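# Observations on the three-dimensional arrangement
Residue strings, one per chain:
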Amino acid sequence: MIREEFDFREWKGPFDAQTRARAQAALEHGRLLYFPRMPFKLTNSETEFLDGRLTDGKAKNISLDHTSGKLQGTSATGERATRLAAMIERFGAGATQFVKDLLPNYSGVERARTSYRPVEVEGRAYSVISDDRLLHVDAFPSRPMKDGRRILRFFANIAPHSPNGGGARHWEVGEDFADFASKFAPRIKPHFPGKSWLYDTLGVTRGRRSAYDEMMLSLHDGAKRDAQYQKTAPHTRLDFPPGSCWMVYTDQVLHAALKGEFALEQTFHFDVAQMGEPETAPIKVLERITGKALA
Ligand SMILES: [Fe+2]
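All figures in this text were calculated on a predicted structure; none of them were measured in a lab. (Residues numbered from 1 in each chain as written. Predicted model: local features only at pLDDT ≥ 70, side-chain atom pairs only at ≥ 80, totals over all residues. Heavy atoms only, no water.)

### Some points on the layout of surface pockets
- Space inside the largest pocket adds up to approximately 1,100 Å³.
- Lining the largest pocket are 45 residues, and of these Lys 60, Asn 61, Asp 132, Phe 140 and Arg 153 lie nearest its centre.
- Elements with a contribution of two residues or more to the lining of the largest pocket: strand E5 (110–117), strand E6 (150–157), strand E7 (169–173), helix H4 (195–202), helix H5 (211–225), strand E10 (255–259) and strand E11 (263–270).
- Across the lining of the largest pocket, the residue classes break down as 13 nonpolar, 14 polar and 18 charged.
- One number sums up the size of the second largest pocket: a volume of about 320 Å³.
- Glu 110, Ala 112, Arg 113, Arg 143 and Arg 206 are, among the 16 residues lining the second largest pocket, the residues nearest its centre.
- Counting residues per element, the ones that place at least two in the lining of the second largest pocket are strand E4 (70–72) and E5.
- In terms of residue class, the lining of the second largest pocket is built from 3 nonpolar, 4 polar and 9 charged. (1 Å grid on protein atoms, 1.4 Å probe; cavity = no way out; pocket = protein on both sides within 12 Å on 5 of 7 lines; lining within 4 Å. Points joined across faces, edges and corners; volume = space filled by probe spheres on them. Helix = DSSP H or I, 4+ residues; strand = E, 2+ residues; numbered from the N terminus. Nonpolar A, V, L, I, M, F, W, Y, C, P; charged D, E, K, R; others polar.)

Right, here's the structure in full:
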């Protein structure tokens, strides 16, 4: 099963050692952790934020940098923006506490950006590269992961329950990372020397991209641009109903978000060395495939 289910009702521990080990092993082996009965509950006044017009129309998501409190990508202003930021922060802080309780071995976990995705995914127009309805692994053009730092993401579907079973977020997940990477890695062209230095100097990236970063970006773009692969690659459909949460290594698990609105998301990063089975990390898999050190 690609989805490992947990019957939690609360966003905090303590969790017993066996449960913690089951969660960590499932994640590292490329499965999604699924929490169907652990909703992120909105207050009455927060239900006004179930509105696709909250984005500024340019960004796909509204995002919060919890270190500065800066909210980006929203049309909300003034007191309304402050209350929206408070809701996103409450979610992000809760998700962080949950990850610390459930995955205590990842002690150096870094809480990165928190996002709110209030716009219906289906039927929107995207460029191929920014179309997350296509199978891909996550790689950030402006945020290098250098020596293979992981991208772990926690999601909550906060869409209202509807009597006909609507409101679910529909995902597809693809084949095992090693199988995917073995197909695409040989096709990747070498990057011109000095590119990572240039991008860093120009401020395109925050810090220099490593060979690993370049490779992950090529895998992200390569998968999305390959219409044949998108059509014929293995797909497993997953539905996440209103009130459910899930967590996954999005740098490892091929995923596509096909339908849904009103999802909250918290991103985490940490070093490969903190993993129980570091050999399952994308950088290790890619180093085995290419026979090269990538960081
Ligand atoms: Fe993604």
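### Notes on the sheet that holds E7
- Judged by pairing direction, the sheet is antiparallel, and its 3 strands sit side by side in the order E8-E7-E10 without closing on themselves. The sheet terminates laterally at strand E8 (236–240) and E10, the two strands that pair on one side only. Taken over all neighbouring pairs, the strand axes of this sheet differ in orientation by 30° on average, direction set aside.
- The sheet contact formed by E7 and E10 spans 4 bridges and is antiparallel. (Pairing = 2+ DSSP bridges. Axes fitted to C-alpha atoms, helices over the stretch in contact; angles between N-to-C directions.)

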